[in-house]
Amino acid sequence: MSHPVLAGIDGSAHSSVAADWAAREAALRGVQVHLIQASPPLPGTTVPLPAVDRLRHVGEQMLQRAVADLSGRYPDLEVRDEQPMTPRPRHSSPRHALPGSSS
């Protein structure tokens, strides 16, 4: 069984170059290329859910553009994408934030 060639996508020019290299390498090996986009950890313990959702949506768009680009340039190559689920931050209640408070 042949393993796919992996490349991380973050929207930078460097990641585009890495994805292109991965696609060329995968084509030479006769395997698929697998693009992965993961969001960075967000600071703090409480992050508004709309911010988390927006970050995920932007990541999905990056992947869609990269897959479309590589599929257009390497039509015989199987291009897969993945955006691992990042756990949503827990929202702490003021009661839990007080020293000495209990659940």
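Look up a bit, the structure's there.
Residues numbered from 1 in each chain as written. Predicted model: local features only at pLDDT ≥ 70, side-chain atom pairs only at ≥ 80, totals over all residues. Heavy atoms only, no water.

Caption draft 1: Structural context of helix 1 (residues 13-29). Between the first and last C-alpha of helix 1 there are 24 Å, a value that for 17 residues agrees with the 24 Å anticipated at 1.5 Å per step. All of the buried residues along helix 1 are Ser15, Ala19, Asp20, Ala22, Ala23 and Ala26. Angularly, the buried residues of helix 1 cover 160 degrees about the axis, an arc narrow enough to put them on a single face. Exposed residues on helix 1 whose side chains face more than 90 degrees from its buried face are Ala13, His14, Val17 and Leu28. Trailing helix 1 by a residue or two, Gly30 shows a phi angle of about 75 degrees, which is positive. (Helix = DSSP H or I, 4+ residues; strand = E, 2+ residues; numbered from the N terminus. Expected span 1.5 Å × (residues − 1). Buried < 20%, exposed > 50% of the residue type's maximum accessible area, 1.4 Å probe, protein only. Arc of directions from axis to C-beta.)

Caption draft 2: Broad picture of the pairing of strand 3 (residues 79-82). As defined by bridge partners, strand 2 (residues 33-36) adjoins strand 3 across 4 bridges and the pair is classed as parallel. Looking at strand 3, one finds that His34 is bridged to Arg80. For the crossover that starts at strand 2, traverses helix 2 (residues 49-73) and ends in the parallel strand 3, the hand is right-handed. (Pairing = 2+ DSSP bridges. Right-handed = clockwise from strand over helix to strand, strands pointing away.)

Caption draft 3: Quick peek at the sheet that holds strand 3. Sheet architecture is open: 3 strands sit in the order 1-2-3, paired in parallel fashion. The open sheet has two edge strands with one neighbour each: strand 1 (5-8) and strand 3. Ignoring which end each strand starts from, the neighbouring axes of this sheet average 25 degrees apart. Packed onto the sheet, helix 1 meets strand 1 and strand 2 and runs at close to 175 degrees relative to strand 1. Helix 2 rests against strand 2 and strand 3 of the sheet, and its axis sits at about 170 degrees to strand 3. (Axes fitted to C-alpha atoms, helices over the stretch in contact; angles between N-to-C directions. Contact = heavy atoms within 4.5 Å.)

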